[in-house]
Amino acid sequence: GLKDIGMDRLEPENGRGRFLDIGCATGKLLEDMQGRGWQVQGVDLCRESAEYGWKKRKVKIFAGTLEQAAFQSGSFNIIHSSHLIEHVPDPRAFIREIKRILLPGGQAIITTPNICGFQARLFSHRWRSAIADHLTLFSISTLKRLFREEGFKVLQIRTWGGLAVGTAPLVIKKPADYLAKKFGFGDVMLFLVEK
C-alpha cells in the first residue's frame, strides 16, 4: 500500500499536485492518489490495462512507453515507478526523461531489485530477479551513482525482503527479513530522489 513506500505522507500542495505512475498497470495506485487530492496520470505498455483504468477506475493512463507519452517538461511534482527501470533498454535515458518532466524540486520514487541483496548473493544465478526480462540489475551504489550523475539529489534509500516465501522456515525467514530491512541488504530497494 501507500504506507509501505512512504507515499501515505505525500500531500498535494493546494490540492494541485501532479502525480505520474510509470508502469501503472490498471491504475490502483493512481486511484488511491486521486482520492488523496492528486491530479494523476499513468503510463503502461498494456493497452487492456490502460483501458481498464480509464473505464473502471476513472484515471488517465497512456498506453505506450514513457517516451511515446511525450509529456511537457516540468509536468509533474511526483513520479513513481516500481519494478520497471530494470526492464528498460536504456536506464540512463529513462532517468533523464523523468528529470525532464519533473518540476524543479519534484521527486521521483523508484523501486527495483537489489543485486547486492542477501537473496541475490545466496541464490546467485537462481535468484528470482536474475531473468531475461531484466535487462539491467542495480546495486545501491550503481543506482545512486546513476542518479547523481544525472543531477538528482538522493534523499532516501530503503531496502526490504530478506528471504522469499517458501525458501526458509518462518523461524529463519522473519529474522532474515528484519535484518535485511535494518541493514540495507534487502531483495528490493527504493530510491527517493529530488530534481
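What you see is a predicted model; the values in this text were computed from it and never measured.

Enquirer: Help me out: how do you make sense of the overall build of the chain in this one?
Expert: A tally of regular secondary structure across the chain gives seven helices and seven strands. The N-to-C order of helical and strand elements in the chain reads β-α-β-α-β-α-β-α-β-α-α-β-α-β. Taking all 195 residues of the chain together, 46% fall into the buried category. Sequence-distant contacts, at least 24 apart, represent 69% of the contacts inside the chain between residues at least 6 apart.

Enquirer: How should the packing of aromatic side chains be read in this particular structure?
Expert: In this description, a pair of aromatic rings is defined by centroid distance and the angle of the planes. Following the criterion strictly, the structure yields four aromatic pairs and no others. A centroid spacing of 5.6 Å and a plane angle of 85° characterise the contact between Phe 147 and Phe 152, whose relative ring orientation is edge-to-face. Judged by its relative accessible area of 1%, Phe 147 falls in the buried class. Aromatic rings pair up to connect Phe 147, Phe 152 and Phe 191 into one cluster.

Enquirer: What should I look at first to understand the nonpolar core in this one?
Expert: Buried together is how nonpolar side chains tend to be arranged in soluble globular proteins. Judged by nonpolar contacts, the single largest core of 26 residues is most densely connected at Leu 20, Ile 98, Leu 143 and Phe 147. Secondary-structure elements contributing two or more residues to this core are strand E1 (18-22), helix H3 (66-69), strand E4 (76-82), helix H4 (91-101), strand E5 (102-113), helix H6 (140-149) and strand E7 (188-194). Among the elements that line this core, the one with the most residues is H4, at four residues. Excluding residues within four positions of it along the chain, Ile 98 makes contact with Ile 22, Leu 66, Ile 79, Ala 108, Ile 110 and Phe 152.

About the criteria used
Residues numbered from 1 in each chain as written. Predicted model: local features only at pLDDT ≥ 70, side-chain atom pairs only at ≥ 80, totals over all residues. Heavy atoms only, no water. Helix = DSSP H or I, 4+ residues; strand = E, 2+ residues; numbered from the N terminus. Buried < 20%, exposed > 50% of the residue type's maximum accessible area, 1.4 Å probe, protein only. Contact = heavy atoms within 4.5 Å. Phe/Tyr/Trp six-rings, centres within 6.5 Å; stacked < 30°, edge-to-face > 60°. Core = buried A, V, L, I, M, F, W, Y, C linked by side-chain atoms within 4.5 Å.

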